[in-house]
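# Survey of secondary and tertiary structure
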Amino acid sequence: MEVWRKFARTAGSYFKRHRLLIVFSVFSLVILLFILIPLFKMVFLSNKEAIWQAVRDTTVLESIWLTLYAALITAAIGFVLGVPLAYILARHNFPLKGVVEGLIDLPIVVPHTAAGIALLFVFGRNYLLGKWFNAIGINFVDSLAGIIIAMLFVSVPFLINSAKDGFRKVDVRLENVARTLGASPWQVFRRVTFPLARRSIFTGTLMMWARGISEFGAVIILTYFPMVTSILIYQRFESYGLTQAVPVAAILVVVCALIFIGFRYILQREKKRD
Amino acid sequence: MIELKNVQVKVADFSLQQINFSVAKGTYTVILGPTGAGKTVLLESIAGLHAVHEGEVLLDGKDVTNTVPEARGVSIVYQDYTLFPHLSVKENIIFGLNVRHISKSKIAEELEWICGIFDVEPLLNRQPATLSGGERQRAALARALITKPEILLLDEPLSALDAESREEMHKQLQDTHRKLNITTLHVTHDFEEAMSLADNIAVLNQGKIVQVGKPADIFYRPASDFVARFTMARNIFAGKINGQVRNEKIFQTDSLEICAVSEKKTAQYAVIRAEMVNLTAEQPVSQANVFRGTVKSITDKGANILITLDCPPQFECQVPRQQFEKMMLSTGQQVYLSFLPKAVHLI
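In this text the structure is predicted, and so the values were computed from the model without any measurement. (Residues numbered from 1 in each chain as written. Chains lettered and ligands numbered in written order. Predicted model: local features only at pLDDT ≥ 70, side-chain atom pairs only at ≥ 80, totals over all residues.)

Each helix and strand counted, chain B has ten helices and 21 strands in total. Its C-alpha atoms give chain B principal-axis dimensions of about 75 × 45 × 35 Å. Long-range pairs, those at least 24 residues apart, make up 65% of the contacts in chain B between residues at least 6 apart in sequence. (Helix = DSSP H or I, 4+ residues; strand = E, 2+ residues; numbered from the N terminus. Contact = placed C-beta atoms within 7 Å.)

What follows is the structure, given as structure tokens:
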């Protein structure tokens with residue numbers, strides 16, 4: 001009896017002291033389970049035989065490979081073109097800067113099918129840029145190039161925003177000091193600004209790659225074939241039903257989880273080293 | 001040598017106006033001014049980090065108004081030393097040599113030379129985040145001076161330090177200046193720091209230089225009531241000159257007549273520094289500037305005691321601790337305060 005009373009007292013005071021933490025933990029658990037249960041069930045509780053079959057299916061493997069490297073090329077293009085824009089937005093003021101910053105977020109906001117149609121209007125064979133690129137042999141419909149521009153359009157805002165925040169956090173006075181020490185603006189960027197913002201830029205690039213891998217709406221408008229994995233999953237679901245779609249989805253989830261958990265681990269380790 | 005001719009700089013909603021002043025080669029000049037006066041903007045303009053809208057900046061007689069910062073031979077050290085956090089102390093110090101693509105052997109030679117001056121050898125392999133305030137400052141100075149600039153700009157270099165390190169760094173700055181004899185421009189809001197380091201002081205307020213002079217000029221002969229207030233003169237009375245007795249002017253305030261030695265024909269303010277006011281229990285024999293007052297408050301400043309007296313008006317008077325203890329003053333007590341006519345400065 002005494003022991004019980006003591007326990008009740010301790011528990012009561014624990015609850016009082018950590019009320020906020022306990023309530024927040026309960027809410028956190030709900031959202032975590034919401035994310036994890038469907039993914040977990042798909043990967044671990046679906047038909048093992050069907051998954052093994054899908055792993056040996058070259059259509060599936062080629063599609064996953066295509067998705068990963070198309071998204072990687074997209075991230076590389078986004079890096080080259082997005083980092084300079086992020087730097088300008090972080091360091092300089094110009095008229096209508098707020099509007100430009102708002103426009104950058106637009107691809108995140110609009111439905112991605114609408115984004116795909118907008119791209120088709122510009123890069124389609126009969127339209128402005130489509131014609132020019134066609135002349136040099138690049139075609140954006142039903143091609144790798146089409147996948148890439150669709151992914152680029154919807155994912156580059158993640159890189160720009162993340163890199164912009166990274167550049168903003170670099171003290172301008174560090175750049176000033178570097179200039180007075182004899183460094184040219186290029187040297188300052190390469191030796192001071194970029195290294196100090198690199199974690200945000202890297203995270204942004206990774207986010208962009210991830211967003212590219214998961215893209216469906218914009219890609220399907222421009223390029224049904226060759227098939228990225230999101231489209232393959234949809235196609236199998238439509239044609240053969242859930243049993244055929246689940247294994248492909250499960251493999252993609254596992255591949256992505258391995259890659260991103262790996263990168264997160266590397267980032268954490270680097271953070272600790274600093 | 002630094003010369004600024006009619007320099008005008010606009011940064012966001014702040015501007016420096018009509019800055020005219022020069023710093024002689026090898027001197028230590030302090031720009032003194034309150035927060036927001038534009039001190040940092042002025043330094044950064046000399047370094048070439050802000051566009052000069054009008055006027056000229058000359059370094060050693062050469063017009064550098066449109067020269068990029070990296071070609072000016074001017075090094076800047078900021079308040080918190082802004083060491084590059086991703087580089088070791090050694091990489092920080094040799095940064096200016098690395099960007100110039102200087103040979104490894106030459107870099108080693110220069111590094112040894114700078115280590116000899118700033119005693120940074122034991123810090124070379126450390127990361128900036130692990131350094132103390134004083135160590136950071138030494139590393140930052142070493143980094144700024146290894147490239148042998150013509151001019152050293154210091155932005156509030158002592159403000160981020162605790163009292164003990166401040167004193168140490170104060171000595172370090174004096175030593176550095178003596179050893180390298182580099183033209184130094186130091187900005188601060190602390191007038192005591194300015195007094196103790198400067199060959200010359202320029203007072204900056206709201207983007208304008210309001211007085212330039214030797215430390216004693218600024219301290220004892222402020223050009224405006226702003227400078228008097230900023231250097232903590234403490235007793236500043238508005239009024240006007242209302243007569244003359246021999247070579248002494250009579251300055252009339254609302255409630256007092258103050259005798260002052262001055263060449264001025266007109267004046268708006270009489271300034272008497274708190275430490276120039278004498279306190280006595282008995283009425284002193286001197287004729288001029290003796291007033292009776294009641295002790296209103298006593299503030300212990302450590303070595304000195306600040307006493308506020310109600311005459312009226314209010315006078316503030318600073319006495320050394322020993323004298324204060326001898327007089328055994330307490331609030332409400334009646335005392336005599338007096339000051340010499342030559343201790344009164346008319347503006």
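Alright, that's what it looks like, and here's the rest.
One turn of the α-helix equals 3.6 residues, which is why residues spaced by three or four share an orientation. For helix α5 (residues 97-109) of chain A, spanning 13 residues, the distance from its first C-alpha to its last is 19 Å, which sits close to the expected 18 Å at 1.5 Å a residue. With respect to burial, α5(A) is a largely exposed element, only one of its 13 residues being buried. (Expected span 1.5 Å × (residues − 1). Buried ≥ 20, exposed ≤ 12 C-beta atoms within 10 Å, placed from the backbone.)

All names here are of chain B. Topologically, V57 is positioned in strand β4 (residues 54-59). Expressed as a C-alpha distance, the spacing of V57 and N20, which sit 37 residues apart in the sequence, is 9.7 Å. Aside from chain neighbours lying at most four places away, what touches V57 is L4, V7, I46, V52, V64 and T65.

For the rest of this paragraph, the subject is the domain arrangement of chain B. All names here are of chain B. Under the domain assignment used here, chain B contains domain 1 (2-229) and domain 2 (233-346). On a C-alpha basis, the centres of domain 1 and domain 2 stand 38 Å from each other. The partner domain 2 presents five residues to the six residues of domain 1 that form the contact. In terms of residue count, the dominant contributor to the side of domain 1 that touches domain 2 is helix α9 (residues 225-230) (three residues). Of the residues in the side of domain 1 that touches domain 2, the class split is three nonpolar, no polar and three charged. (Domains from an automatic or database assignment. Nonpolar A, V, L, I, M, F, W, Y, C, P; charged D, E, K, R; others polar.)

Turning to the nonpolar core, a few remarks are in order. Ranked by internal contacts, the top residues of the largest apolar core, which has 97 residues, are I46(B), A142(B), L153(B), V203(B) and A270(B). Among the elements that line this core, the one with the most residues is helix α5 (residues 133-145) of chain B, at six residues. Residue assignment places this core across two domains, with domain 1 (2-229) and domain 2 (233-346) of chain B each supplying three or more. In this structure, A270(B) is in contact with F237(B), G239(B), F251(B), I258(B), A260(B), V344(B) and L346(B), ignoring residues within four places of it in sequence. The next biggest cluster of nonpolar side chains, apart from the first, holds 52 residues, and it includes L159(A), I201(A), M208(A) and A250(A). (Core = buried A, V, L, I, M, F, W, Y, C linked by C-beta atoms within 7 Å.)

With that out of the way, let us pick up the interface of chain B and chain A. Contacts between the two partners involve 18 residues from chain B and, on the opposite side, 16 residues from chain A. Secondary structure elements with two or more residues in the side of chain B that touches chain A: α1 (39-47), β6 (74-77) and α3 (95-98) of chain B. Residue contributions to the side of chain B that touches chain A peak at three residues, all from β6(B). For the side of chain B that touches chain A, the class distribution of residues is nine nonpolar, five polar and four charged.

Time to look at the pairing of strand β1 (residues 2-11) of chain B. Residue and element names in this part refer to chain B. Pairing geometry for β1 and β4, over five bridges, is antiparallel. When the bridges of β4 are listed, E3 appears paired with L58. As consecutive antiparallel partners, β1 and strand β2 (residues 14-23) are separated by two residues, and within that stretch A12 has a phi angle of approximately 50°, a positive value. (Pairing = 2+ DSSP bridges.)

Attention shifts here to the pairing of strand β10 (residues 208-213) of chain B. Residue and element names in this part refer to chain B. The sheet contact formed by strand β9 (residues 200-205) and β10 spans five bridges and is antiparallel. Residue pairing in the sheet places N205 in a bridge with K208 of β10. The hairpin formed by β9 and β10 contains two residues between the paired strands, and Q206 there has a positive phi angle of roughly 45°.

All names here are of chain B. As summarised here, the arrangement of the five strands in space is β16-β20-β17-β18-β19, forming an open sheet in which the pairing is antiparallel. Sheet topology places β16 (278-280) and β19 (314-320) at the edges, where each strand pairs with a single neighbour. In this sheet, adjacent strand axes meet at a mean angle of 45° when their direction is disregarded. Pairing of β16 with strand β20 (residues 334-338), which is carried by three bridges, proceeds in the antiparallel orientation. Opposite L279, over in β20, you have L337 as the bridge partner. (Axes fitted to C-alpha atoms, helices over the stretch in contact; angles between N-to-C directions.)

Here the residue pair F225(A) and P226(A) is connected by a cis peptide bond, since its omega of -10° sits within 30 degrees of zero. Within the element layout of this structure, P226(A) appears in the loop between α11 (217-222) and α12 (229-240). Phi at D142(A) is positive, roughly 55°, even though this residue is not glycine. One can find D142(A) in the loop between α7 (128-135) and α8 (144-168). Assessed through the 13 C-beta atoms surrounding it within 10 Å, D142(A) is described here as partly exposed. Of note in the backbone geometry, R234(B) takes a positive phi value of approximately 75° without being a glycine. Taking the C-beta count within 10 Å as the criterion, R234(B) has 21 such neighbours and is therefore assigned buried.

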